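# Understanding the architecture of this molecule
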Amino acid sequence: MTIVRVALDVPLTRLFDYRADDASDADIGRRAVVAFGRGSKLGLILGIAEASDQPSEKLKPVEAILRDMPALPADWLALCDFCSRYYQHPLGQVIGFALPPFLRRGKLPRPQKRKPMLAMPSKQSPALLPEQQAAVGAITAARGFETFLLHGITGSGKTEVYLRAIEAVLATGGQALMLVPEIALTPQLEQRVSERFPDASVVSAHSGVADAARARGFLAALEGRADIVLGTRLSVFMPLPRLKLIVVDEEHDGSFKQQEGLRYSARDVAVFRAKQLHIPIVLGSATPSLETFHHAASGRYRLLELSRRAVAEAPPEVRTVDTRREKLQDGMSAVLIEGLAERLRRNEQSLVFLNRRGYAPVLACPACGWVSRCRRCAANLVVHLADRRLRCHHCGLEAGIPKACPDCGNQDIHPFGRGTQRLEAALSERFPQARILRIDRDSASTPKKWQALLAAIHEGSADILIGTQMLAKGHDFPLLTLVGVVGADAALFAADFRAPERLFAQLMQVGGRSGRAELPGEVLIQTEHPGHPLYRALAAHDYAAFARAQLDERQAAGFPPFSFQALLRAEAKTIDQSLAFLAAAREAALPLAGEKVSLYDPVPMRMARLKNLERAQLLVESASRPALQTFLAAWNENLHGLKLPRDLRWHLDVDPLEF
Ligand code: ADP
Ligand code: ZN
Ligand code: ZN
């Protein structure tokens, strides 16, 4: 008797056995349709056996083995298996996530009619600068697995280094995978890649790619027809039989970590994959994550530095503006306002960076203290004056703006605080002649709108930009010479230990937008803490100094990268239910934890209520990653056996980024 062992996309860790007399080892990695429950499901064959633990009369025959596409290769299955173990997620669900939905439904996309190839001349690559040359040399000389950190500010020519390394890989018939953050994957980069490699087949993989096209890209990769895959975090799961190089651009970016379902870090999975395939991987950033920086400092990763811009010579001048001594006007200092006026006179662009969208963070009644709160979350409703709505940024709940206080009837209620819309209104009033463009998730709600905004900035049809962190990533604005930063201080003292790291990266990136070509740039940071080491390191363009200081603090506190963490989170109708579940989970963990693993107390999450659910979490920590992994595997199994109150849901987050 021949048995196929099938992984199904269900929340169970085991595989399912079916009879399949015509199956052979060649079917491992193929999709199969099998009976499950009252219906049938599509799964992936992971093994062939001669006998099953199940009594043979209970075994159902497989309904169909789909042999219409190549089997997924062993290394791809091993990658899914690693993610399943590392992130404590059922293997069938990892596979279900990694396969494009189209293929998961048992379908194959129709092949696309080939677009007639335009004979594009390959775009000449510039002669490399010495540091670029050294970086390309090191990467192309790597034999086997090696992790490189390519550290260089925006404009230092990192992308040029990636392209040269990819070129070398293509020349030997290999495939290359390039991961980029969600928002930076602009047509500009796609265009730069296809211009450089006009004969190569480049597959794009990101959330904007339609279902059928995504499946086509996956098949092109699997069948070895794709030479370069360029995509966001999901593309780390692209099957690539001739993969010879992985690049992770902006490796510090938070969008590489998925915050739901399979909570994986695409950067970390990429490093595992490179190791598994014995190939080099390049992590690039102007502000590497402290984890990566630490590995580079300890010699585990090899550091490649690009210390200056490739084209414009000087980096922008960064200054702090002490706002303690001054009465601000609409949240802006006289220096900033004068700076904006000067840029207007010179026909240059400026940008005011405020990482808070909406008009004001809250509407409040000064008479009775009422504030606009979301009734489903522990959060305020944000005032959106543009469409006259109150909106929860966490759950999307909306309401009209009341004319009077709902509690006391007072008609004199006000928006408090400042968001991008309010800044826009203030600047329009102050500079009526200026063309002002606001760039945030509201104004750039679709990729199309986002592209239109970028185009407007590029062609110079805006004088003052007001933007959130959306603007910080991966675009050069040739006319921009002034960046004003307002409202950044809050992140200096946030409870989240990663907040300063994120702030530094954002400010460095947003500052890096200014001063290209012949126009020197200036960055003005409004702050009540002008002497803060973070701002001083920023002014000195000294990421390494900042990183070392942060690492010292992390080491003293025992935070990552000096420890490894996992969170067990629970959500239920009441906080007591969530906490009780976590307490039981902690009890179950005690005999498993051993000396190397610390269990903290269950606590409500910082934002405890979300969408009417009360959330709590339990932190687990260890200085040893293997010890933590061993513990988590045993604990996870236990957790599945715990009795749950109805409606309680829980998950594990390994290497969590947000607390
Ligand atoms: P990064 O990825 O670090 O932001 P890029 O590779 O995009 O930097 O380079 C920034 C700009 O400098 C681009 O316009 C690029 O074409 C140009 N550039 C990069 N390397 C060189 C070089 N060696 N010679 C001339 N121009 C270069
Ligand atoms: Zn009131
Ligand atoms: Zn809400």
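For the structure, see preceding data.
First, a word on what this report is: a plain description of the structure on this page. Computed from a predicted structure; not experimentally measured. (Residues numbered from 1 in each chain as written. Chains lettered and ligands numbered in written order. Predicted model: local features only at pLDDT ≥ 70, side-chain atom pairs only at ≥ 80, totals over all residues. Heavy atoms only, no water.)

### With respect to the overall build of the protein
Test applied: Secondary structure follows DSSP: runs of H or I at least 4 residues long count as helices, runs of E at least 2 residues long count as strands, and numbering of each begins at the N terminus. For this measure, only C-alpha atoms enter the radius of gyration; the expected value for a globule follows 2.2 Å times N^0.38, where N is the number of residues. With a 1.4 Å probe rolled over the protein chains alone, any residue whose accessible area is under 20% of its type maximum counts as buried; one over 50% counts as exposed, and the rest are partly exposed.
When helices and strands are tallied, the protein shows 17 helices and 28 strands. Relative to its length of 659 residues, the protein is compact, with a C-alpha radius of gyration of 27 Å against a globular reference of 26 Å. Structurally, the protein occupies a C-alpha span of about 85 × 65 × 50 Å along its principal axes. Here the protein holds 659 residues, and 53% of them are scored as buried.

### Overview of the coordination of the zinc ion (ligand 2)
The cut-off we apply is this: With water omitted from the atoms examined, metal sites may look incomplete; donors here are N, O and S atoms no farther than 2.8 Å from the metal, or 3.2 Å in the case of Na, K and Ca. Angle rules define the geometry names used: all angles between 85 and 135 degrees makes four donors tetrahedral, while opposite donors over 155 degrees apart and all other angles between 65 and 115 make four donors square planar and six octahedral, leaving every other case irregular.
Within the first shell, the zinc ion (ligand 2) binds the protein through Cys365 (SG), Cys368 (SG), Cys405 (SG) and Cys408 (SG), at distances of 2.3 to 2.4 Å. Seen from the zinc ion (ligand 2), its four donor atoms lie at angles of 104 to 113°, and the figure they make is tetrahedral. Along the chain, the residues donating to the zinc ion (ligand 2) are arranged with the sequence spacing C-x2-C-x36-C-x2-C.

### Quick look at the packing of helix H1 (residues 74–86) against helix H8 (residues 266–277)
As a reminder of what qualifies: All axes are obtained by fitting lines to C-alpha atoms, using only the stretch in contact for helices, and the reported angles, taken between N-to-C directions, cover 0 to 180 degrees. Between 65 and 115 degrees an angle is taken as roughly perpendicular, under 35 as roughly parallel, over 145 as roughly antiparallel, and anywhere else as oblique. Working rule for handedness: look at the near helix, and if it is turned counterclockwise from the far one by less than a right angle, call the crossing left-handed; if clockwise, right-handed. Working rule for contacts: check all heavy atoms of both residues, and any pair within 4.5 Å makes them a contact.
The geometry of H1 relative to H8 is characterised by a closest axis approach of 11 Å and an angle of 140° between their N-to-C directions. Viewed along their axes, H1 and H8 adopt a mutual orientation that is oblique. In this structure, the crossing between H1 and H8 has a hand that is right-handed. Contacts between H1 and H8 pair Asp75, Ala78, Leu79, Phe82 and Cys83 from the former with Val269, Phe272, Arg273, Gln276 and Leu277 from the latter.

### Considerations on the environment of Gln577
Considering the arrangement of structural elements, one finds Gln577 in helix H16 (residues 575–593). Measuring from C-alpha to C-alpha, the distance between Gln577 and Thr481 comes to 54 Å, with 96 residues separating the pair along the chain. Beyond its immediate sequence surroundings of up to four residues, Gln577 is in contact with Ala572, Pro645 and Leu648.

### With respect to the coordination of the zinc ion (ligand 3)
Ideal coordination angles are 109.5 degrees for a metal with four donors arranged tetrahedrally and 90 or 180 degrees for a metal with six donors arranged octahedrally. Listed as protein donors to the zinc ion (ligand 3) are Cys374 (SG), Cys377 (SG), Cys392 (SG) and Cys395 (SG); their distances from the metal cover 2.3 to 2.4 Å. If you look at the zinc ion (ligand 3), its four donor atoms make angles of 105 to 116° with each other, and the shape they trace is tetrahedral. By relative accessible area, Cys392 is classed as buried at 2%. Note on Cys395: relative accessible area 15%, which makes it buried.

### Considering the nonpolar core
We count it as follows: As used here, the term nonpolar core means buried Ala, Val, Leu, Ile, Met, Phe, Trp, Tyr and Cys residues forming a set that is joined through side-chain atoms within 4.5 Å.
Formed by 76 residues in total, the largest nonpolar core has its most connected members in Trp76, Ile246, Leu568, Phe631 and Trp635. Residues Trp450, Leu453, Met470 and Val510 belong to the second largest nonpolar core, which totals 40 residues.

### Overview of the site of ligand 1
Applied cut-off: Here a residue is near a molecule or strand as soon as one of its heavy atoms is found within 4 Å of it. Counting of polar contacts relies on pairs of N or O atoms within 3.5 Å, with two restrictions inside protein: one atom must be capable of donating a hydrogen and the other of accepting it, and residues adjacent in sequence are counted only when both atoms are side-chain atoms. In short, Shrake-Rupley with a 1.4 Å probe defines the accessible areas, and a residue's cover is counted only from the protein chains shown.
Around ligand 1, the surrounding shell holds 16 residues, and the nearest of these are Ala127, Gln132, Gly155, Thr159 and Arg192. A distance of 3.3 Å separates an oxygen atom of ligand 1 from a polar backbone atom of Ser156. Here an oxygen atom of ligand 1 sits 2.7 Å away from a polar atom, N or O, in the side chain of Arg192. Protein contact buries 76% of the 550 Å² of open area that ligand 1 shows by itself. At three residues, the largest contribution of residues to the shell around ligand 1 is made by helix H5 (residues 158–171).

### Here we look at the pairing of strand E8 (residues 202–205)
Regular strands place side chains that alternate from one sheet face to the opposite one. This is how it is decided: Strand pairing follows a simple DSSP-based rule, namely that at least 2 bridges must link the two strands.
Of the two faces of E8, the one lined by Val203 and Ala205 is fully buried and the one lined by Val202 and Ser204 carries no buried residue. The pairing of E8 with strand E9 (residues 228–231) spans four bridges and is parallel. The partner of Val202 across the bridge, within E9, is Ile228.

### Here we look at the environment of Ala455
Locating Ala455 in the fold gives a position in helix H12 (residues 447–458). Taking the C-alpha atoms as reference, Ala455 lies 9.9 Å from Phe477; in sequence the two are 22 residues apart.

### Structural notes on H12
One full turn of an α-helix is made of 3.6 residues, so residues set three or four places apart face in the same direction. As a reminder of what qualifies: Expected helix span is computed as 1.5 Å times (number of residues minus one). In this context, the arc is that of the directions from the helix axis out to the C-beta atoms.
Under the 1.5 Å per step criterion, the end-to-end length of H12 is 16 Å for 12 residues, consistent within 8% with the ideal 16 Å. Within the sequence span of H12, burial applies to Trp450, Leu453, Leu454, Ala456 and Ile457. Each buried residue of H12 sits inside an arc of 160° when the element is viewed along its axis, so together they form one side. In H12, the exposed positions angled more than 90 degrees off the buried face are occupied by Pro447 and Lys448. Following H12 by one or two positions, Gly460 has its phi on the positive side, about 80°.

### Section: the sheet that holds strand E3 (residues 31–36)
In spatial order, the strands read E2-E1-E4-E3-E5; together these five strands make up an open sheet with antiparallel pairing. For this open sheet the edge positions go to strand E2 (16–19) and strand E5 (64–66), each flanked by a neighbour on one side alone. The mean inter-strand angle of the sheet, taken between neighbouring strand axes irrespective of direction, is 45°. Bridge count between strand E1 (residues 3–8) and E2: four bridges; the pairing is antiparallel. Within the sheet, the bridge partner assigned to Val4 lies in E2 and is Tyr18. Along the sheet, helix H2 (residues 91–98) contacts E1 and strand E4 (39–49); its crossing angle with E1, the most-contacted strand, is approximately 70°.

### Observations concerning the side chain of Gln258
Inspection of the secondary structure assignment puts Gln258 in the loop between strand E10 (243–249) and H8. What makes Gln258 buried here is its relative accessible area of 7%. Only 3.3 Å separates the side chain of Gln258 from the backbone oxygen of Glu260, close enough to count as a polar contact. Polar contacts involving the side chain of Gln258 include one to the main-chain carbonyl oxygen of Leu262, which spans 3.4 Å. Excluding anything up to four places from it in sequence, Gln258 contacts Phe97, Arg233, Arg263 and Tyr264.

### Some details on the packing of aromatic side chains
Operational definition: Side-chain rings of Phe, Tyr and Trp, where Trp is taken by its six-membered ring, are said to pair if the distance between their centres is within 6.5 Å; with planes under 30 degrees apart they count as stacked, over 60 as edge-to-face, and otherwise as tilted. A positively charged side chain is recorded as over a ring if its NZ (Lys) or CZ (Arg) lies within 6 Å of the ring centre. The angle to the ring normal must also be within 35 degrees.
Here the structure, examined in full by the defined rule, presents 16 aromatic pairs. Among the aromatic residues, those joined into a cluster by ring pairs are Phe82, Tyr86, Tyr87 and Phe272. The side chain of Lys107 reaches across the aromatic face of Phe102, ending 4.6 Å from its centre.

### Side note on the pattern of salt bridges
In plain terms, the rule: Here, a salt bridge means any side-chain nitrogen of Lys or Arg that lies within 4 Å of a carboxyl oxygen of Asp or Glu.
Overall, the coordinates contain 39 salt bridges when judged by the stated rule. Between Arg586 and Asp601 there is a salt bridge whose closest N-O contact spans 3.7 Å. In this pair, Arg586 sits in helix H16 while Asp601 sits in the loop between strand E25 (597–599) and strand E26 (603–610), placing the two residues 15 residues apart along the sequence. Look at Asp601 and you get exposed, because its relative accessible area is 53%. By sharing partners, the salt bridges in this structure join Glu317, Arg319, Glu342, Arg343, Arg346, Glu348 and Glu522 into a single network.

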